[in-house]
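Fold and contact review
The residues making up each chain are set out below.
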Amino acid sequence: MPRSFPIPFILAISLFLQGTPLTSEAQDAASIEAASMLDRGDSLLILGKPVAALSMYRGAEERSFDPCLIARARMGIAQVHAESHNPEQASSALNLASSGLLACSASDRLDLTLLAADLWMELQQEERATAVLRRELQMQPDHLTLHSRIAKIAFIAGDWTRCREALDFCLASTEGTTTPDLQAEWLSYFIQLNIIEGQHS
């Protein structure tokens, strides 16, 4: 069955192909359609329908003129490929998504950055996961979640110095959102670090 396209999107593409500057209304219509497809893609992925989700993400990537929405679509594409054990395609989509993250709001950029780090970890790319977190940390240097995630990845990777630096920040934090489970995780890493460093001293 042929795919149907909304009239505002068709008009936007027609203007673009004719070399006519797109009106803000046309760009808004395309972004609304892309955002809707992204939401459908997320729902389909949760329902265990990666092929259908991938179609939605690719459609959103093609429709949108918003770099943040494009980055989100590419992140979805990466997620599908990572879960389908296609590491090369997942890595390619993650690399493409990276540049668009800077166009997102701080909260959206944070969520996408954490997702990117998780996906790089699924691909066993600890350094890439850390790099994307540290880039966001330059813009939000006091964000507890970023330090906590870096501590966890550094511990997994055996980078004791980086792990301790991140843990020191976390344990000294007075942020009210800290949970007992999270504090227990930090203390566990801290105790294990002391044991490891004691064995090598």
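This one's a predicted model, so the numbers in the text were calculated from it and none came from an experiment.

**With respect to the pattern of salt bridges**
In a structure, side chains of opposite charge can pair up when their charged atoms sit close to one another. What the rule picks out here adds up to seven salt bridges. For Arg 109, the salt bridge is made with Glu 136, and the minimal N-O distance between the two is 2.6 Å. Of the two residues, Arg 109 is situated in helix 6 (residues 106-122) and Glu 136 in helix 7 (residues 126-139); the sequence distance between them amounts to 27 residues. Of the residues examined, Arg 109 reaches a relative accessible area of 9% and is grouped as buried. A salt bridge links Arg 162 to Asp 159, with the nearest nitrogen and oxygen atoms 3.8 Å apart.

**Topic: the side chain of Thr 113**
Among the structural elements, Thr 113 can be located in helix 6. Looking at Thr 113, the relative accessible area reads 2%, which means it is buried. The contacts of Thr 113, once residues within four sequence positions are left out, are Leu 101, Val 132, Leu 133 and Glu 136.

What counts and how
Residues numbered from 1 in each chain as written. Predicted model: local features only at pLDDT ≥ 70, side-chain atom pairs only at ≥ 80, totals over all residues. Heavy atoms only, no water. Salt bridge = Lys/Arg side-chain N within 4 Å of Asp/Glu carboxyl O. Helix = DSSP H or I, 4+ residues; strand = E, 2+ residues; numbered from the N terminus. Buried < 20%, exposed > 50% of the residue type's maximum accessible area, 1.4 Å probe, protein only. Contact = heavy atoms within 4.5 Å.

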